[in-house]
Amino acid sequence: QYAGPAFQKTEALKSKHIPPAVYNIYKNPLLLHQGHKQWLFDHEGRRYLDLFGGIVTVSVGHCHPKVVGALQEQINSLWHCTNIYRHPKIYEYIEQLVQKFPGDLKVVYLVNSGTEANDLATLLAKAYTGNLDVVSLQSSYHGYSSALMGLTATQSYRMKLPVPPGFYHTMLPDPFRGIWGGCRDSVSQVPGACSCPGDCVTADKYVHQLSELLENSIPKGRLAALFAESIQGVNGTVQFPKGYLKKAQQLVKKYGGLYVADEVQTGFGRTGDKFWGFENHDVIPDIVTMAKGIGNGFPMAAVVTTKEIAAAHASTTYFNTFGGNPMASAVGKAVLDVIEEEGLQNNCKVVGKYFIEQLMQLQKVYPIVGDVRGKGLMLGIEFVEPGTKVPLPIPDMNVIHEDMKDMGVLIGRGGRWNNVLRIKPPMCINKEDVDFTVSVLDQAIKNYLHTKK
Ligand code: PMP
């Protein structure tokens, strides 16, 4: 499988021309050839269930015919004109996108990647508030650029270079590993997961820690924004205690800052109950950034904010060569249509609930499964040394992860110790796919435990 000439050719090219920082997720990597719905096919026609969706990017299914059709139609008429001209597709798309947002979130910047969206959001927050300092959560990932290497807090994506000035990180309100623990947030789909009658009591402690940072570390009157996902993605699906985001937003506002919701992973219906992850927390952000699933794999992204905040930017010209090109707009519109027509948000809710329940059954059997969490089709399974919270070592995780691939399931990895399996599939998976995954995971754990005997 991994020794054929086609594979060897790519290996030789990779070692010569691809930078060493670009890693392979598998020891024996895949050479992919084709995608269809929730399935991927390798160069020899072997089929895999794709539970990672190109890292939460393939939202409505690989090569969805409606999205492919919309793109093909647009490719045949006009690829590009830049936003200094008008094209009807761009306006049709924006009109449809803003309907998905509450409150005054009605102004849209179309850009090309999540990094670019968060970079622009940083700029907007600074321009609007006139302040320079930005806070994000520990272990967060918000993009990879020299400017964002401070906003992104997770170590593995930060080079040994001085962090750009003006970025601070507040304690991660992590119910599994945080020092105060905490219930799963309001958003849990597991009945009884949060036993607090109102907001989770630990939320106040984490918010207090944020207030210490704002009061003691950041010079007075300098706060521009707090960035947060509504469930941390790259860090292994970390949910926050109920009430945290709401109280954090209120606090940040008191200090003159905006709240920016990074919906790059949690948006577009993936969490099931709501279209946007932040809506599960009963908050309305000042700025929302989105990418990945917005285009089902087509490179596009967006920043949505209020007219008032966007006005702070109006003293200069905003230009973006590719942002909101007609192809991206045609794709984005088709993606919104498919989510609606195929009830994919509800599918995330129903299948996601079934998924987590099945995983919790597995957790009862295997003490190495330390935590199962998430919402909708954004799930995480954290592996530990039995009876402890010590992360299962990476080489051991690699065995389980690779074995699942060899049995036909591509699942994600993440977390600070890379000991979390991440499930963020195309939103069209069904209960049979869940059953298949759970049986493959069960077998992979058995195989791994056998090697330990
Ligand atoms: N924000 C979050 C939450 C992400 O997960 C990512 C990508 N993993 C980004 C921003 C950056 O997106 P991109 O890779 O499109 O620049």
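As the structure is a computational prediction, the values presented were derived from the model and not from experiment. (Residues numbered from 1 in each chain as written. Predicted model: local features only at pLDDT ≥ 70, side-chain atom pairs only at ≥ 80, totals over all residues.)

This next bit is on the site of the ligand. Near the ligand there are 15 residues, and of these S113, G114, T115, G143 and V264 occur at the shortest range. Among the elements that take part in the shell around the ligand, helix α5 (residues 114-129) stands out by supplying three residues, more than any other. Here the shell around the ligand is built from residues that sort into five nonpolar, eight polar and two charged. (Near = placed C-beta within 6 Å. Helix = DSSP H or I, 4+ residues; strand = E, 2+ residues; numbered from the N terminus. Nonpolar A, V, L, I, M, F, W, Y, C, P; charged D, E, K, R; others polar.)

With that settled, consider the domain arrangement of the protein chain. Reports often express the size of an interface as the amount of accessible area lost when the parts come together. Split into domains, the protein chain comes out as domain 1 (5-51 + 343-452) and domain 2 (65-341). Listed per partner, the contact involves 25 residues of domain 1 and 24 residues of domain 2. Counting residues per element, the ones that place at least two in the side of domain 1 that touches domain 2 are α10 (344-365), β11 (369-375), β12 (378-383) and β15 (420-423). Counted by class, the side of domain 1 that touches domain 2 contains eight nonpolar, seven polar and ten charged residues. (Domains from an automatic or database assignment. Contact = placed C-beta atoms within 7 Å.)

With mixed pairing, the seven strands of this open sheet are ordered in space as β4-β10-β9-β8-β7-β5-β6. Each having just a single partner strand, β4 (107-111) and β6 (167-170) make up the two edges of the open sheet. Put simply, the sheet's adjacent strands are angled 20 degrees from each other on average, direction ignored. Summarising the sheet, strand β5 (residues 133-137) and strand β7 (residues 223-229) pair through four bridges and their orientation is parallel. Note on β7: the bridge partner recorded for V134 is A225. Each of β7 and β8 (258-262) is contacted by helix α7 (residues 244-254), which is oriented at about 170 degrees to β7, the strand it contacts most. (Pairing = 2+ DSSP bridges. Axes fitted to C-alpha atoms, helices over the stretch in contact; angles between N-to-C directions.)

Now for the confidence of the model for the protein chain. Across the protein chain, the average pLDDT comes to 94, with 97% of residues at or above 70. Under the prediction, the complex receives an ipTM of 0.99, its pTM being 0.96. (pLDDT = per-residue confidence, 0-100.)

The interhelical angle for the contact between α10 and helix α12 (residues 431-452), taken along N-to-C directions, is 20 degrees, at an axis separation of 10 Å. Considered as vectors, α10 and α12 are oriented roughly parallel to each other. Considering only the axes of α10 and α12, their crossing is right-handed. Two secondary-structure elements touch here, α10 through V351, Y354, F355, Q358, L359 and L362 and α12 through K431, V434, V438, L441 and D442. (Parallel < 35°, antiparallel > 145°, perpendicular 65-115°, else oblique. Left-handed = near helix turned anticlockwise from the far one by under 90°.)

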